[in-house]
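Descriptive structure summary
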Amino acid sequence: MAKDSFDKHIDKLQKEIIKKEIEVYNEYIVDLSQNPRNWGKLPDKKISVSQSYTGPCGDTMQFFLKIKDNIIEKANFISDGCKACIATASQTMLLIEGKPIDYTEKLSPEDIDKALKGLPVDHKHCTELAVRTLKRAIHKYKKNED
Ligand code: FES
């Protein structure tokens, strides 16, 4: 197969894969999982608290938060999870960045699911993992501040 037609073939395959993923998830989730916002560990001196948590599914989310005057100034994450897990963690960071700690404590799995325009039923639990990781992070931060 000539390089040109090979490239076209790969391009076509990629488009078909993305189309199928959009049917399962939605366009927003697929984009967020492929280009996760707020991905990566923050530099050590910028981290007020970091928290890693592994859910029953075996996926781990790790959150890095920079907090000042009760405001989440910066929120980043890493995860070894699936597409839904990555998109969920990324959405959680987008929701909490710039918000007061109170807001993060009230954030529910349903709020994250709504912001993601609806995860498939068999992936709703990804939002539970995000909320648990977040609550543990805030708890740890408050404990350290005492
Ligand atoms: Fe593990 Fe969603 S599949 S967090």
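Figured I'd write up the structure that's included with this text.

1. Thoughts on the overall build of the protein
- If you tally the helices and strands in the protein, you get six helices and three strands.
- Listing the helices and strands of the protein from first to last along the sequence gives α-α-β-β-β-α-α-α-α.
- For the protein, the spread of C-alpha atoms along the principal axes amounts to about 65 × 35 × 25 Å.
- Classification of the 146 residues of the protein by burial places 42% in the buried group.
- The contacts of the protein with a sequence gap of at least 6 include a subset with a gap of at least 24, amounting to 59%.

2. Remarks on the environment of Val-49
- By secondary structure assignment, the location of Val-49 is in strand β1 (residues 49-54).
- With 49 residues separating them in the primary sequence, Val-49 and Gly-98 have C-alpha atoms 16 Å apart.

3. What to know about the pattern of salt bridges
- Within the structure shown, the criterion is met by eight salt bridges.
- Two residues, Lys-74 and Glu-97, come together in a salt bridge whose shortest N-O distance is 3.1 Å. In this pair, Lys-74 sits in strand β3 (residues 71-79) while Glu-97 sits in the loop between α3 (83-96) and α4 (101-106), placing the two residues 23 residues apart along the sequence.
- Glu-97 sits in the partly exposed class, given a relative accessible area of 27%.

4. What about the pairing of β3?
- Across eight bridges, strand β2 (residues 60-68) lies against β3 in antiparallel orientation. When the sheet's bridge partners are listed, Leu-65 is paired in β3 with Ala-75.
- In sequence, β2 turns back onto β3 through a hairpin of two residues, with Asp-69 there showing a positive phi of about 50°.

5. Examining a nonpolar patch on the surface
- Together, Phe-6, Ile-10 and Leu-13 make up a nonpolar patch on the protein surface, roughly 240 Å² of accessible area in all.
- Looking at the secondary structure, you find Ile-10 in helix α1 (residues 3-24).

6. Quick notes on helix α2 (residues 27-34)
- Within α2 the residues assigned to the buried category are Ile-29, Val-30, Leu-32 and Ser-33. When α2 is viewed along its axis, its buried side chains cluster within an angular range of 165° and face the same direction.
- Those residues of α2 that are buried are in contact with α1 and α3.
- The opening residue of α2 is Asn-26, an N-cap whose side-chain oxygen sits 3.0 Å from the backbone nitrogen of Tyr-28.

7. Observations concerning the packing of α2 against α3
- Running from amino to carboxyl end, α2 crosses α3 at an angle of 90°, the nearest separation of the two axes being 8 Å. Taken together, the axis directions place α2 and α3 in an arrangement best described as roughly perpendicular. Counting all contacts with α2, which are made through Tyr-28, Ile-29, Leu-32 and Ser-33, the residues of α3 involved are Lys-83, Ile-86, Ala-87, Ser-90, Gln-91 and Leu-94.
- The class makeup of the residues in the contact of α2 with α3 is six nonpolar, three polar and one charged.

8. Overview of the sheet that holds β3
- The antiparallel open sheet is built from three strands, whose spatial order is β1-β2-β3. Edge strands, defined here as strands with exactly one partner in the open sheet, are β1 and β3. Between one strand axis and the next, the sheet turns through 20° on average, direction left out of account.
- Taken together, the six bridges between β1 and β2 define a ladder with antiparallel strand orientation. Looking across to β2, one finds that Gln-51 is bridged to Phe-63.
- With respect to the sheet, α3 is in contact with β2 and β3, its orientation differing from that of β3 by roughly 170°.

Calculation criteria
- Numbering of residues starts from 1 in every chain and runs along the sequence as written.
- Residues qualify for local features only when their pLDDT is at least 70, as the model is predicted, and side-chain atom pairs are given and counted only at 80 or more; totals for whole chains, interfaces and linings, by contrast, use all residues.
- Side-chain metrics in this entry use all non-hydrogen atoms of the structure; hydrogen atoms and water are not considered.
- To qualify as a helix, a DSSP run of H or I must reach at least 4 residues; to qualify as a strand, a run of E must reach at least 2; elements of each kind are numbered from the N terminus.
- Type-normalised accessible area, obtained with a 1.4 Å probe on protein chains alone, sets the label of each residue: buried when under 20%, exposed when over 50%, and partly exposed for intermediate values.
- Working rule for contacts: check all heavy atoms of both residues, and any pair within 4.5 Å makes them a contact.
- The term salt bridge refers to a pairing of a side-chain nitrogen on Lys or Arg with a carboxyl oxygen on Asp or Glu at a separation within 4 Å.
- Here, any two strands with at least 2 DSSP bridges between them count as paired.
- A patch consists of residues whose relative accessible area exceeds 30% and which take part in no salt bridge; residues with like charges are grouped when within 9 Å of each other, and nonpolar side chains (Val, Leu, Ile, Met, Phe, Trp, Tyr) when within 5 Å.
- All accessible-area figures derive from a Shrake-Rupley calculation using a 1.4 Å probe, and residue coverage is judged against the displayed protein chains alone.
- Note: the arc covers the axis-to-C-beta directions of the helix.
- Polar contacts, as used here, are pairs of N or O atoms within 3.5 Å; protein pairs need one atom able to donate a hydrogen and one able to accept it. Residues neighboring in sequence count only if both atoms are side-chain atoms.
- To obtain an axis, a line is fitted to C-alpha atoms, over the contacting stretch when the element is a helix, and the angle between two such axes runs from 0 to 180 degrees between their N-to-C directions.
- The labels follow the angle: roughly parallel below 35 degrees, roughly antiparallel above 145, roughly perpendicular from 65 to 115, and oblique for the rest.
- Just so you know the grouping, Ala, Val, Leu, Ile, Met, Phe, Trp, Tyr, Cys and Pro go in nonpolar, Asp, Glu, Lys and Arg go in charged, and all remaining residues, Gly too, go in polar.

By themselves, these figures tell us nothing about what the structure is for.
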